[in-house]
Amino acid sequence: MDSRTYQELSLRTVPPELMFWRDDCPDPAAARSQLFCNCALGLAGEAAEIEEAPTSDEIGDGYWYSYVMFRVLDAKPIEPTPGNHVDAQRAAYRAAGALCELAKKHLFHGRDFDDVRGPAIELLSKYVHALAALDKQPASATFDQNLDKLRSRYPAGFFERG
């Protein structure tokens with residue numbers, strides 16, 4: 001499965017009140033900001049969980065936040081490439097921490113979303129490539145595994161929406 005398909009399916013699990021791209025969203029700017037913050041915090045949390053248990057299951061959760069965040073940033077999802085990161089775990093931590101900093105500046109310091117968008121896309125790309133370097137299997141397999149987990153978690157819930 002490619003990253004665009006994974007993203008489309010992942011977006012189905014976003015709570016409806018945060019789906020800022022839908023016509024029935026009452027306050028798209030607020031929903032986008034909340035989802036941005038949620039994803040930034042989720043990326044940081046997943047980086048810590050991946051350090052404790054570097055499994056494809058945990059890496060899949062990191063991918064979920066990443067690909068939802070690409071939508072938040074209105075950025076084309078990238079294909080993860082493992083590359084040869086000297087310290088992929090540290091790269092994930094640094095990118096996640098910097099994304100949290102951008103979310104803080106946007107939400108609490110009044111920085112315009114467009115001002116944080118470019119740096120956030122660059123950091124998010126680093127995070128995704130770090131995840132790929134940490135994974136023991138191809139990203140496509142981890143995407144499939146993560147979607148299976150979401151289907152079992154939300155058999156008639158979020159996954160049916162979207």
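If you're wondering where the values come from, they're calculated on a predicted model, not measured in any experiment. (Residues numbered from 1 in each chain as written. Predicted model: local features only at pLDDT ≥ 70, side-chain atom pairs only at ≥ 80, totals over all residues. Heavy atoms only, no water.)

Asker: Which residues make up the overall build of the protein, and what are the values?
Answerer: Across its full length, the protein carries 6 helices and 0 strands. Ordered by position from the N terminus, the helices and strands of the protein form the series α-α-α-α-α-α. Relative to the compact-globule value of 15 Å for 162 residues, the protein shows a C-alpha radius of gyration of 15 Å, a close match. Counting only C-alpha atoms and orienting by the principal axes, one finds that the protein spans roughly 40 × 35 × 25 Å. Going through the 162 residues of the protein one by one, you find that 46% of them count as buried. Partitioning the contacts of the protein with sequence separation of at least 6, the portion at a separation of at least 24 is 77%. (Helix = DSSP H or I, 4+ residues; strand = E, 2+ residues; numbered from the N terminus. Rg over C-alpha atoms; globule rule 2.2 N^0.38 Å. Buried < 20%, exposed > 50% of the residue type's maximum accessible area, 1.4 Å probe, protein only. Contact = heavy atoms within 4.5 Å.)

Asker: Lay out the side chain of Q7 with the relevant residues and their values.
Answerer: Within the element layout of this structure, Q7 appears in helix α1 (residues 3–10). The contact partners of Q7, leaving out residues within four places of it in the chain, are Y67, F70, R71 and P77.

Asker: Now, about helix α6 (residues 139–153): what can you tell me, with residues and values included?
Answerer: Since the α-helix advances by 3.6 residues per turn, residues separated by three or four positions end up pointing in the same direction. In this model, α6 (15 residues) spans 21 Å end to end at C-alpha, consistent with the 21 Å of a helix rising 1.5 Å per residue. For α6, every residue scored as buried is listed here: A139, T142, F143, N146, L147, K149 and L150. For α6, the buried positions fall inside an angular range of 155 degrees around the axis, keeping them on one side. On the buried face of α6, the contacting elements are α1 and α3 (56–72). (Expected span 1.5 Å × (residues − 1). Arc of directions from axis to C-beta.)

Asker: Can you break down the pattern of salt bridges residue by residue, with the values?
Answerer: The tally for this structure, following the rule as stated, stands at 7 salt bridges. Put simply, R151 and D148 hold a salt bridge, and the shortest N to O gap is 3.2 Å. Here R151 and its partner D148 are both found in helix α6, 3 residues apart, which amounts to about one turn of the helix. Look at R151 and you get partly exposed, because its relative accessible area is 37%. Among the residues examined, D148 registers a relative accessible area of 47% and is labelled partly exposed. Through salt bridges with shared partners, one network takes in D57, D61 and K149. (Salt bridge = Lys/Arg side-chain N within 4 Å of Asp/Glu carboxyl O.)

Asker: So what's going on with the side chain of E46? Residues and values would help.
Answerer: Here E46 is to be found in helix α2 (residues 28–52). Among buried Asp, Glu, Lys and Arg side chains, E46 stands out as unpaired, with K149 the closest opposite charge at 6.7 Å. Once you skip the residues sitting within four places of it in the chain, E46 turns out to touch E58, D61, G62, Y65 and Y127. (Lys, Arg positive; Asp, Glu negative; His and termini not counted.)

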